[in-house]
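In case you want the letters, here they are:
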Amino acid sequence: MNIKNILACLTSLLLLNICGFSQAQSWPGRPVKIVVPYAAGGGVDPVARLVSLKLAEIWKQPVVVENKAGGSGTIGANFVAKSPADGLTILMSATAEVVINQHFMQKMTYNPDVDLKPITLLVKLPFVLVANPSKPYSSAAELIAYAKNNPNTVTYASSGPGTPQHLSAVMLEEQANIKLIHVPYKGVAPSVSDLLAGHVDIGFAGLPTALPYIQSGALKALGLSSKIPSIAAPNIPPLAKTPGLQNFDLTQWFGVYVPSATPNTISQKIQRDIVEVLKMPDVKEALEKQGAQPGNMTMDEFQAFSNSESKKFGAIVKSAKIDQN
């Protein structure tokens, strides 16, 4: 290659960098839509609305949260996956629609590994294993002992087959070598309602959902699903401190995704600005009060995390023999 061609290539690369920088600087230039693939008021929704208010200040554009519920999160995720790749339509996802459903749903209209680009981790949210107060166990160790002496008698609630609540209980069964009876519900609210009424014995619930009931005595906490104790509930011990459950570590998490073809300059700006929001003292405090651990991942780190979580949940789904056509 002669000097003339080399200079032409360098000029082209410089122009591309300048264009990319200019694109990121001028973006968004229009209102941005954050899609939450669950009903308003659910776990993802308040976090999305908190973050959207701060992003609107940074971007100087309206940032609207739109709920597109259904299909265990797949309807909203598919909407974002098929949206224009301009960064103006963002997915604030829970765990299921990006790393769990693909392992047991036979027909999905999008491939999360191909059609969505991971931007950053928003928060991690531990589950808490809870029991109705009438039950004769007040710790995970007591539950395990009871279940071993009374196999296939303890019932557990979940918000549906293949949900993180279900898979948490499957992991508990495997590591503790016990047999429980699964009682699936259509959503978190009815599962918690039946736990409160004593129609089911135990269940995993998101810490923000369960904490008020634990504090009032309507439910009793047996252990936290994460190895790291929660700032919001420091008195609830991690399940990993229970003999036989040393490797127990499972959390629900919310992440940010965009259509896969979104330019990297825009994707990186979204990542930087969301991390900036998560570091704001008032945002950090509000999230931690709910039991959430704010994220702080680069795009590469979140890609690796998503891949790792997909493998972990895929193995649990296989063990649980979940099949949904």
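Each remark here, short or long, concerns the structure printed above.
Residues numbered from 1 in each chain as written. Predicted model: local features only at pLDDT ≥ 70, side-chain atom pairs only at ≥ 80, totals over all residues. Heavy atoms only, no water.

Engineer: Where do I start with the side chain of Ser-93 in this structure?
Structural biologist: Topologically, Ser-93 is positioned in strand S3 (residues 89-93). Its relative accessible area of 0% is what places Ser-93 among the buried residues. Here Glu-97 takes part through its side chain, which lies 2.8 Å from a polar atom of the side chain of Ser-93. Excluding residues within four positions of it along the chain, Ser-93 makes contact with Val-98, Trp-253, Phe-254, Gly-255 and Tyr-257. (Helix = DSSP H or I, 4+ residues; strand = E, 2+ residues; numbered from the N terminus. Buried < 20%, exposed > 50% of the residue type's maximum accessible area, 1.4 Å probe, protein only. Polar contact = N/O pair within 3.5 Å; in protein donor to acceptor, adjacent residues only side chain to side chain. Contact = heavy atoms within 4.5 Å.)

Engineer: Can you walk me through the packing of helix H2 (residues 44-59) against helix H11 (residues 281-289) in this structure?
Structural biologist: The geometry of a pair of packed helices is captured by two quantities: the angle between their axes and the separation between those axes. Here H2 crosses H11 at 180 degrees, and the two axes come no closer than 11 Å. Of the possible angle classes, the one that applies to H2 and H11 is roughly antiparallel. Where H2 approaches H11, its residues Val-47, Leu-50 and Lys-54 are matched on the opposing element by Asp-282, Val-283, Ala-286 and Leu-287. Looking at the contact of H2 with H11 residue by residue, the class counts come to five nonpolar, no polar and two charged. (Axes fitted to C-alpha atoms, helices over the stretch in contact; angles between N-to-C directions. Parallel < 35°, antiparallel > 145°, perpendicular 65-115°, else oblique. Nonpolar A, V, L, I, M, F, W, Y, C, P; charged D, E, K, R; others polar.)

Engineer: What's the story with helix H6 (residues 140-149) in this structure? I'm lost.
Structural biologist: Residues that lie three or four places apart on an α-helix share one face, since the helix turns once every 3.6 residues. Considered for burial, the residues of H6 that qualify are Ala-140, Leu-143, Ile-144 and Ala-147. Take H6 and look down its axis: the buried residues cluster within an arc of 100 degrees, on one side only. Here the buried face of H6 lies against strand S4 (116-131), helix H7 (164-176), strand S7 (202-206) and strand S8 (220-224). (Arc of directions from axis to C-beta.)

Engineer: Can you help me understand unusual backbone geometry in this one?
Structural biologist: Excluding glycine, residues mostly have negative phi values, and the peptide bonds linking residues are mostly trans. A cis amide bond links Trp-27 with the next residue in sequence, Pro-28, at an omega value of 10 degrees. With respect to the helices and strands, the residue Pro-28 is situated in the loop between helix H1 (3-26) and strand S1 (32-36). Positive phi, normally seen in glycine, also occurs at Lys-60, with a value near 55 degrees. Counting through the fold element by element, Lys-60 comes out in the loop between H2 and strand S2 (63-67). For Ser-72, which is not glycine, the phi dihedral falls at a positive 55 degrees. Mapped onto the secondary structure, Ser-72 falls in the loop between S2 and helix H3 (74-81).

Engineer: Explain the nonpolar core here, please?
Structural biologist: Buried together is how nonpolar side chains tend to be arranged in soluble globular proteins. Counting 47 residues, the largest nonpolar core has Leu-172, Ile-202 and Trp-253 as the members making the most contacts within it. For this core, the secondary structure elements donating two or more residues are H3, helix H4 (96-100), S4, H6, H7, S7, strand S9 (251-259) and helix H12 (299-320). Among the elements that line this core, the one with the most residues is H7, at six residues. Once residues lying within four places of it in the same chain are set aside, the contact partners of Ile-202 are Leu-129, Val-130, Ala-131, Tyr-137, Leu-143, Val-154, Thr-155, Tyr-156, Ala-157, Leu-180, Leu-195 and Leu-222. One finds Val-47, Val-51, Leu-122 and Val-277 within the second-largest nonpolar core, a separate group that totals 33 residues. (Core = buried A, V, L, I, M, F, W, Y, C linked by side-chain atoms within 4.5 Å.)

Engineer: What am I meant to see in the pairing of S2 here?
Structural biologist: Strand residues, when the strand is regular, have side chains that alternate between the two faces of the sheet. The pairing of S1 with S2 spans five bridges and is classified as parallel. By the bridge assignment for S2, Lys-33 is matched with Val-64. Handedness of the crossover joining S1 and S2 through H2 is recorded here as right-handed. (Pairing = 2+ DSSP bridges. Right-handed = clockwise from strand over helix to strand, strands pointing away.)

Engineer: In this structure, what is going on with the packing of aromatic side chains? I would like to understand it.
Structural biologist: In this description, a pair of aromatic rings is defined by centroid distance and the angle of the planes. Applying the stated criterion across every chain yields a total of seven aromatic pairs. Measuring from centroid to centroid gives 5.8 Å for Trp-253 and Phe-302, while their planes differ by 85 degrees, and the two rings are edge-to-face. Of this pair, Trp-253 sits in strand S9 while Phe-302 is found in helix H12, placing the two residues 49 residues apart along the sequence. A single burial state applies to Trp-253 and to Phe-302, both of which are buried. Ring centres of Tyr-257 and Phe-302 lie 5.3 Å apart, and the angle between their planes is 55 degrees; this geometry places the pair in the tilted category. Placement of the pair is Tyr-257 in strand S9 and Phe-302 in helix H12, with a sequence separation of 45 residues. By relative accessible area, Phe-302 is classed as buried at 0%. Taken together through their ring pairs, the aromatic side chains of Trp-253, Tyr-257, Phe-302 and Phe-305 make up a single cluster. Between Lys-68 and the ring centre of Phe-79, over which it is positioned, the NZ or CZ distance is 4.3 Å. Here the guanidinium or amino end of Lys-312 rests over the ring plane of Phe-313, the centre of that ring lying 5.7 Å away. (Phe/Tyr/Trp six-rings, centres within 6.5 Å; stacked < 30°, edge-to-face > 60°. Lys NZ or Arg CZ within 6 Å of the ring centre and 35° of its normal.)

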